[in-house]
Amino acid sequence: DDHHLIRTGVKNLLEGKFPDTTVQEATTIAEALSLLDVSVAIDLVLLDINLPDAKALDGLVRLKKNSPATAVALISGTDDNQMITSALSCGADGFIPKSADPQILVHAVSLILKGEIFLPRSFLKPGSQISEPKSPIDRQSDPSKLTVRQQEVFLLMCQGLSNKEIARQLG
């Protein structure tokens, strides 16, 4: 994040809730890429959508291209479903609204570090408008043509079930 207050608040919250965790800060994508290059292992990047050297999903695409194995979750004041859908298609591992309660951030980080994806509940509510994203990544298949199994998984996602709960329910 390019705002010092946000970075400091998130850092203090996460270091308090995850005492064995080191939180590093960056104000630009260039700084974040530099940290990824010199650090042994960064498990998660929390990324603001609008930074001085990246707008919209450009930063996400650059981070994922440079370090595809690193989880990246967006933190943003914009939480419209089109943006979330586009972020997911670009490889985001989560989307955390800046309006969320601090405990939601802690929960989201916990889930993402366990390999889950975190999305705001509003995105998963039935009736949410999820349309085809405008993505810089080409799609090879039509997302509206899901298999029966994919539809089952999607419906359970819409009910707010986690990956583990879906796996247990579907066997």
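Look up a bit, the structure's there.
Description of the structure in this document. (Residues numbered from 1 in each chain as written. Predicted model: local features only at pLDDT ≥ 70, side-chain atom pairs only at ≥ 80, totals over all residues. Heavy atoms only, no water.)

1. Side note on the sheet that holds strand S1 (residues 44-48)
In step 1: Strand order in the open sheet formed by three strands is S1-S2-S3, and the pairing between neighbours is parallel. The sheet is open, and its two borders are formed by S1 and strand S3 (94-97), each paired with just one other strand. Each neighbouring strand pair of the sheet contributes to a mean axis angle of 25 degrees, computed without reference to strand direction.
In step 2: Pairing analysis gives four bridges linking strand S2 (residues 71-76) to S3, with the strands arranged parallel. Of the residues in S3, the one forming a bridge with serine 76 is proline 97. (Pairing = 2+ DSSP bridges. Helix = DSSP H or I, 4+ residues; strand = E, 2+ residues; numbered from the N terminus. Axes fitted to C-alpha atoms, helices over the stretch in contact; angles between N-to-C directions.)

2. A word on the pairing of S3
In step 1: Alternating residues of S3 divide into Gly94 and Ile96 and Phe95 and Pro97, and every residue in both groups is buried.
In step 2: Handedness of the S2-helix H4 (residues 81-89)-S3 crossover: right-handed. (Buried < 20%, exposed > 50% of the residue type's maximum accessible area, 1.4 Å probe, protein only. Right-handed = clockwise from strand over helix to strand, strands pointing away.)

3. Focus: the nonpolar core
In step 1: By size, the foremost hydrophobic cluster in this structure holds 24 residues, and its most contacted members are Leu47, Leu60, Leu63, Leu74 and Phe95.
In step 2: Within the residue set of this core, elements represented by two or more residues are helix H2 (29-38), S1, helix H3 (58-66), S2, H4 and helix H6 (121-124).
In step 3: If you tally residues by element for this core, the top one is H2, at four residues.
In step 4: In this structure, Leu14, Leu44, Ile75 and Val106 belong to the second largest nonpolar core, which totals 16 residues. (Core = buried A, V, L, I, M, F, W, Y, C linked by side-chain atoms within 4.5 Å.)

4. Regarding the pairing of S2
In step 1: The buried fraction of S2 is high, at six of six residues.
In step 2: The alternating pattern of S2 places Ala71, Ala73 and Ile75 on one face and Val72, Leu74 and Ser76 on the opposite face, and all of these are buried.
In step 3: Judged from the five bridges that link them, S1 and S2 form a sheet pairing that is parallel. Residue aspartate 48 lies in a different strand from S2, and its bridge partner there is isoleucine 75.

5. Focus on the packing of helix H7 (residues 148-158) against helix H8 (residues 163-170)
In step 1: Between H7 and H8, the shortest axis-to-axis distance is 10 Å and the interhelical angle comes to 130 degrees. Judged by the inter-axis angle, H7 sits oblique to H8. With respect to the hand of their crossing, H7 and H8 are arranged in right-handed fashion. The segment H7 lies against H8, with Arg149, Glu152, Val153, Leu156 and Met157 engaging Ile166, Gln169 and Leu170.
In step 2: Partitioned by chemical class, the residues of the contact of H7 with H8 number five nonpolar, one polar and two charged. (Parallel < 35°, antiparallel > 145°, perpendicular 65-115°, else oblique. Left-handed = near helix turned anticlockwise from the far one by under 90°. Contact = heavy atoms within 4.5 Å. Nonpolar A, V, L, I, M, F, W, Y, C, P; charged D, E, K, R; others polar.)

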